[in-house]
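Here's the letter readout for the chains.
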Amino acid sequence: MLAHQMALESPMVQAEMVEAMEFPDLSNRHHVSGVPQTTINDGAGAVVGAVPEAHLVAEIQRALQSA
Amino acid sequence: MTEKLLDKAIVGQVQEVFNQLQEPVEVLFFGQKDGCDYCEDALQLAQEIVDISDKLSLVVYDLDENAEVANLYNVDKAPGMVLAGRDGDQLKDYGVRYAGIPSGHEFSSLIHDLVLVSSRDSGLEQKTREFLKGVSKPVLLQVFVTPT
């Protein structure tokens, strides 16, 4: 999984796969509609679907800048 | 005797993927006594998976009774799993975690993540690796999935 690859690569990155049905409160809070949905830093950014590396990188960049 | 979650055919397929395992990986499992509908199945699944290869090991914690360990690995959900690299008696936490029981499609994600952590190499594109080198703030990625 891409998020886990990033976690392995960088000590700054942690990645958690969350089974949405088992944790409905968290999923609702992040408005999970389509899966997989990748949420960055508790909602600073989000990507829906399985996306290419460059796409997730761009969204992480955007989320870090807006923080 | 409890019935196995993984049948022989699945175990055979997993064994084939596990031929690629390189370095040891330890699975840290976090359960919880109350209100955890999936903990029992998740633990059984984790046990059956690590039993397939001697490069894999499992250690079981309780989210409440072992709160310091849970904090150390940033685990706040049960069932929860951390895939850590084992080097002798040292564990290396890469921040690779699972919350909930990895069934369906996520079962194969877990199998491949075990191989990933075992390789100690992210396999990412060079550009992505360079970007990540420059990241100086903590990034938490939470990937929401459903078991279909």
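This text gives an overview of the structure that appears in the document. What you see is a predicted model; the values in this text were computed from it and never measured.

Let us now look at unusual backbone geometry. Cis geometry is found at the peptide bond from Val 35 of chain A to Pro 36 of chain A, where omega equals -5°. By the secondary structure assignment, Pro 36 of chain A is in the loop between helix H2 (24-29) and strand E2 (37-40). In this structure, the amide linkage connecting Ala 78 of chain B to the following residue, Pro 79 of chain B, adopts the cis form with an omega of -5°. For Pro 79 of chain B, the location among the structural elements is in the loop between helix H3 (67-72) and strand E3 (80-87). One non-glycine residue, Asn 74 of chain B, adopts positive backbone phi at about 55°. Asn 74 of chain B gets classed as partly exposed once you count the C-beta atoms within 10 Å, which come to 14. Despite not being glycine, Arg 120 of chain B has its phi angle at roughly 60°, a positive value. Along the chain, the position of Arg 120 of chain B falls in the loop between helix H4 (105-119) and helix H5 (126-133).

Residue and element names in this part refer to chain B. Mapped onto the fold, Gln 126 is located in helix H5. According to the C-beta neighbour criterion, Gln 126 is exposed, with 7 such atoms within 10 Å. With 20 residues separating them along the chain, Gln 126 and Glu 106 place their C-alpha atoms 26 Å apart.

On to the sheet that holds E3 of chain B. Reading across the sheet, the eight strands line up as E3(A)-E2(A)-E5(B)-E1(A)-E4(B)-E3(B)-E1(B)-E2(B) and stay open at both edges, with mixed pairing between neighbours. Edge positions in the open sheet fall to strand E3 (45-48) of chain A together with strand E2 (56-62) of chain B, since each of these has one partner strand only. Between one strand axis and the next, the sheet turns through 25° on average, direction left out of account.

It is worth spelling out the interface of chain B and chain A at this point. Each partner contributes residues to the interface: chain B has 37 residues there, and chain A has 36 residues. Of all the elements in the fold, those that place two or more residues in the side of chain B that touches chain A are strand E4 (90-99), H4, H5 and strand E5 (139-145) of chain B. Among the elements that take part in the side of chain B that touches chain A, E5 of chain B stands out by supplying seven residues, more than any other. The residue makeup of the side of chain B that touches chain A, split by class, is 20 nonpolar, 10 polar and seven charged.

This next bit is on the nonpolar core. Membership of the largest hydrophobic core comes to 55 residues, with the highest contact counts inside it found for Leu 28, Leu 83 and Val 143 of chain B. What Leu 28 of chain B contacts, discounting residues up to four positions off in sequence, is Val 59, Tyr 61, Tyr 73, Met 81, Val 82 and Ala 84 of chain B.

Criteria and cut-off values
- Residue indices begin from 1 for each chain and proceed along its sequence in written order.
- Throughout, the order in which chains and ligands are written sets their labels, letters from A for the former and numbers from 1 for the latter.
- Residues qualify for local features only when their pLDDT is at least 70, as the model is predicted, and side-chain atom pairs are given and counted only at 80 or more; totals for whole chains, interfaces and linings, by contrast, use all residues.
- Every helix listed is a DSSP run of H or I at least four residues long, and every strand listed is a run of E at least two residues long, numbered separately from the N terminus.
- Residue burial is a threshold on neighbouring C-beta atoms within 10 Å of the residue's own C-beta, all placed from the backbone, with 20 or more meaning buried, 12 or fewer meaning exposed, and counts in between meaning partly exposed.
- Whether two strands pair depends on DSSP finding at least two bridges between them.
- Axes here mean lines fitted to C-alpha atoms, for a helix over just the part in contact, with angles spanning 0 to 180 degrees between N-to-C directions.
- Contact between two residues is assigned whenever their backbone-derived C-beta positions fall within 7 Å.
- Classes in brief: Ala, Val, Leu, Ile, Met, Phe, Trp, Tyr, Cys and Pro nonpolar; Asp, Glu, Lys and Arg charged; the others, Gly included, polar.
- The term nonpolar core refers to a group of buried residues, namely Ala, Val, Leu, Ile, Met, Phe, Trp, Tyr and Cys, whose C-beta atoms join them within 7 Å.

All quantities given are derived from atomic positions and should not be read as evidence of function.
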